[in-house]
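# Coordinate analysis (summary)
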Amino acid sequence: MLKILGRATSTNVQKVLWFCDEAGIAYAHDNGIGGAFGRNDTPEYLAMNPNGKVPTVIDGDFVMWESNSVIRYLARKHKSALYPSEFEVRNMVERWMDWELSVVAPHQGTVLVGLVRTKPEDRDNAKIKTAGTAWARGMTILDEQLAKTGHVAGDDFTLADIPLGPIAHRFFSLDIERPDLPNLRRWYETLSGRPAFDKWCVIEMA
Ligand SMILES: N[C@@H](CCC(=O)N[C@@H](CS)C(=O)NCC(=O)O)C(=O)O
């Protein structure tokens, strides 16, 4: 059975858990790795994932890391309709997945660590504010896309929605300054009707 290693409070782990539930893929989940649990700096773990990050996912003898690559692999392997094969649609799916990791995830990470994992007296408020502004700029680009399409890569729910859903949850849940982004809000509320999204992503941030 597929093994998913990593604490479920990580958005990158949430993506894999959420996708597996959407696609009906069975898995065993070890939640006790990463963050306060540790165990991601052991020689055994680093031999699987030299980054010492979560998730690490094991399919038989094959070990994977990088959450978006993992869900693309699983989608292909299980022939999921959430990863459309038509060239242009697939490009749009992959573009938004790459965009999530390269453009918005670093800024939201800085804001989350600053506001949730750092005591008020130890916070670098200027750094948090700068990251929050850059994050909001990214979410504004997403809002503009969602003004045109029901979901991130078109009208249908696809793999492109999965990396961005947990980021949107944090965006609307953290105590930050947010521009009014009605299309983003409408899409986020649509995701909130999906049981696997609610189960894995609509959780307390840690
Ligand atoms: N690009 C990687 C990022 C992995 C990553 O940075 N994971 C974070 C959690 S979101 C992590 O492992 N942090 C250290 C920890 O949890 O101990 C991916 O998408 O899988």
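See the structure shown above.
### Things to note about the overall build of the chain
A tally of regular secondary structure across the chain gives 8 helices and 4 strands. For 206 residues, the compact-globule estimate of 2.2 N^0.38 gives 17 Å, and the C-alpha radius of gyration of the chain, at 17 Å, lies within 12% of that figure. Dimensions along the principal axes, computed over C-alpha positions, put the chain at roughly 45 × 45 × 25 Å. The buried share among the 206 residues of the chain stands at 49%. The long-range share in the chain, meaning contacts at least 24 apart out of those at least 6 apart in sequence, stands at 67%. Roughly 10,200 Å² of accessible area belongs to the chain as shown, and the carbon and sulfur atoms make up 52% of that amount. Counting 24 positive and 27 negative side-chain charges, the chain places the averaged centre of each group 2 Å from the other.

### Here's the deal with the pairing of strand E1 (residues 2–5)
Across 4 bridges, the pairing between E1 and strand E2 (residues 27–30) is parallel. If you follow Ile4 over to E2, its bridge partner there is His29. Considered for its hand, the β-α-β crossover made up of E1, helix H1 (residues 11–23) and E2 is right-handed. Alignment of E1 against strand E3 (residues 56–59), held across 3 bridges, turns out to be antiparallel. The residue bridging Leu5 from the neighbouring strand is Thr56, located in E3.

### A few points about the nonpolar core
Met139, Leu142 and Trp187 are the most contacted members of the largest nonpolar core, which totals 61 residues. Looking at this core, the element that brings in the most residues is helix H4 (residues 87–116), giving 8 residues. Shared between two domains, this core takes at least three residues from each, and those domains are domain 1 (2–77) and domain 2 (87–199). The residues touching Met139, leaving out its near neighbours within four places in the chain, are Val104, Ile167, Ala168, Phe171, Leu181 and Leu184.

### Considering the site of the ligand
Contacts to the ligand come from Arg7, Ser10, Asn12, Gly34, Gly35, Asn40, Lys53, Val54, Pro55, Glu66, Ser67 and Leu101. For the ligand, an oxygen atom lies 2.9 Å from a polar atom in the side chain of Arg7. Interatomic distance of 2.8 Å between a side-chain N/O atom of Glu66 and a nitrogen atom of the ligand. Contact with the protein chains hides 76% of the accessible area of the ligand, taken as 500 Å² for the molecule alone. Residues that form the shell around the ligand fall into these classes: 3 nonpolar, 6 polar and 3 charged.

### Details of unusual backbone geometry
The omega torsion of the bond from Val54 to Pro55 falls at 5 degrees, within 30 degrees of zero and hence cis. Note on placement: Pro55 falls in the loop between helix H2 (43–48) and E3. Phi is positive for Arg39, close to 70 degrees, though the residue is something other than glycine. In this structure, Arg39 sits in the loop between E2 and H2. Since its relative accessible area comes to 42%, Arg39 is described here as partly exposed.

### Here we look at the pattern of salt bridges
Tallying each qualifying case throughout the model produces 4 salt bridges. For Glu22, the salt bridge identified is with Arg194, shortest N-O distance 2.9 Å. In this pair, Glu22 is assigned in helix H1 and Arg194 in the loop between helix H7 (182–191) and helix H8 (195–200), connecting sequence segments 172 residues apart. Of the charged contacts, one joins Lys77 and Asp59 as a salt bridge, the two residues approaching to 2.7 Å between their closest N and O atoms. Taken together, the positions of Lys77 in helix H3 (residues 67–77) and Asp59 in strand E3 put the pair 18 residues apart, joining distant regions of the chain.

What counts as what
Residues numbered from 1 in each chain as written. Predicted model: local features only at pLDDT ≥ 70, side-chain atom pairs only at ≥ 80, totals over all residues. Heavy atoms only, no water. Helix = DSSP H or I, 4+ residues; strand = E, 2+ residues; numbered from the N terminus. Rg over C-alpha atoms; globule rule 2.2 N^0.38 Å. Buried < 20%, exposed > 50% of the residue type's maximum accessible area, 1.4 Å probe, protein only. Contact = heavy atoms within 4.5 Å. Areas by Shrake-Rupley, 256 points an atom, 1.4 Å probe, with all protein chains shown as cover. Lys, Arg positive; Asp, Glu negative; His and termini not counted. Charge placed at Lys NZ, Arg CZ, Asp CG, Glu CD. Pairing = 2+ DSSP bridges. Right-handed = clockwise from strand over helix to strand, strands pointing away. Core = buried A, V, L, I, M, F, W, Y, C linked by side-chain atoms within 4.5 Å. Domains from an automatic or database assignment. Near = heavy atom within 4 Å. Polar contact = N/O pair within 3.5 Å; in protein donor to acceptor, adjacent residues only side chain to side chain. Nonpolar A, V, L, I, M, F, W, Y, C, P; charged D, E, K, R; others polar. Salt bridge = Lys/Arg side-chain N within 4 Å of Asp/Glu carboxyl O.

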